[in-house]
Amino acid sequence: MSDQFIAEVRMFAGNFAPAGWAFCEGQVLPISQNTALFSLLGTTYGGDGQTTFALPNLSNRVPIQAGQGPGLSPRDLGRVGGAERAVLNQNYLPAHGHTAMASAQATQTSPSPSASLATVSENLPAYRADPGPGLLIEMGYPSVLPTGAGASVTHNNLPPVLKLSFIIALQGAWPQRP
């Protein structure tokens, strides 16, 4: 690969980093062997700044532009964010309500579009789901109900992806500032 700037990052579909390039996997490098690259990256991506510095880590990350666009929060160079999994709870769901039908007498023992909730004895629930793999719901026993919207269970937050390699030039032309 030719005509690259030192510290330039490119996508690469190969399964190796070409000569003069390295994968962007957060490796810690010695400053003494990479002084030009260190002068551009500093400790933005890690290292102690005395003897070591780190390359950007794009493993399982989507790169975004540093800075701040209109109406967006600032994004500092080298900062990471986001998560592959997320917990949804009531704080992330819009306010909403559910209408429940009820009557004074229970006329059916299982739910249906025409059945409604009613006052029943504590030992005789009005509705009962199959206690097998499904959730057991009984009137008067709130401990068997889910713990709220989302039930604080994580879900996959990762959009469809295609894995490619990101590589960084360890050598190349010095980038001139405008």
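Residues numbered from 1 in each chain as written. Predicted model: local features only at pLDDT ≥ 70, side-chain atom pairs only at ≥ 80, totals over all residues. Heavy atoms only, no water.

(A) Representation of the overall build of the protein chain. A count of helical and extended segments in the protein chain gives 1 helix and 9 strands. Each helix (α) and strand (β) of the protein chain, taken in turn from the N terminus, gives the series β-β-β-α-β-β-β-β-β-β. The buried share of the protein chain, taken over its 178 residues, is 18%. Across the protein chain, contacts joining residues at least 24 apart in sequence account for 55% of those joining residues at least 6 apart. Summing over all exposed atoms, the protein chain offers an accessible surface of approximately 13,200 Å²; the carbon and sulfur share of this is 56%. (Helix = DSSP H or I, 4+ residues; strand = E, 2+ residues; numbered from the N terminus. Buried < 20%, exposed > 50% of the residue type's maximum accessible area, 1.4 Å probe, protein only. Contact = heavy atoms within 4.5 Å. Areas by Shrake-Rupley, 256 points an atom, 1.4 Å probe, with all protein chains shown as cover.)

(B) Fine view of the layout of surface pockets. Of the voids in this model, the largest pocket is the one considered here, and its volume is about 1,700 Å³. Lining the largest pocket we find 48 residues, and of these Leu 58, Arg 61, Val 62, Pro 63 and Ile 64 sit closest to its centre. Every element with two or more residues in the lining of the largest pocket is listed here: β1 (9-12), α1 (35-41) and β9 (165-169). Split into classes, the residues belonging to the lining of the largest pocket amount to 30 nonpolar, 10 polar and 8 charged. (1 Å grid on protein atoms, 1.4 Å probe; cavity = no way out; pocket = protein on both sides within 12 Å on 5 of 7 lines; lining within 4 Å. Points joined across faces, edges and corners; volume = space filled by probe spheres on them. Nonpolar A, V, L, I, M, F, W, Y, C, P; charged D, E, K, R; others polar.)

(C) Representation of the sheet that holds strand β2 (residues 21-23). Spatial ordering of the open sheet is given by β1-β9-β2, a layout of 3 strands whose pairing is antiparallel. With partners counted over all chains shown, the strands left at the sheet margins are β1 and β2, one partner each. Strand after strand, the sheet turns through a mean of 35° between neighbouring axes, direction not considered. With 4 bridges connecting them, β1 and β9 associate as antiparallel partners. (Pairing = 2+ DSSP bridges. Axes fitted to C-alpha atoms, helices over the stretch in contact; angles between N-to-C directions.)

(D) Quick peek at the confidence of the model for the protein chain. Per-residue confidence for the protein chain averages 77 on the pLDDT scale, and 66% of its residues sit at or above 70. Low confidence marks residues 125-147, where pLDDT is under 50. Its contacts with residues over four positions away, or in another chain, come to 35 contacts. (pLDDT = per-residue confidence, 0-100.)

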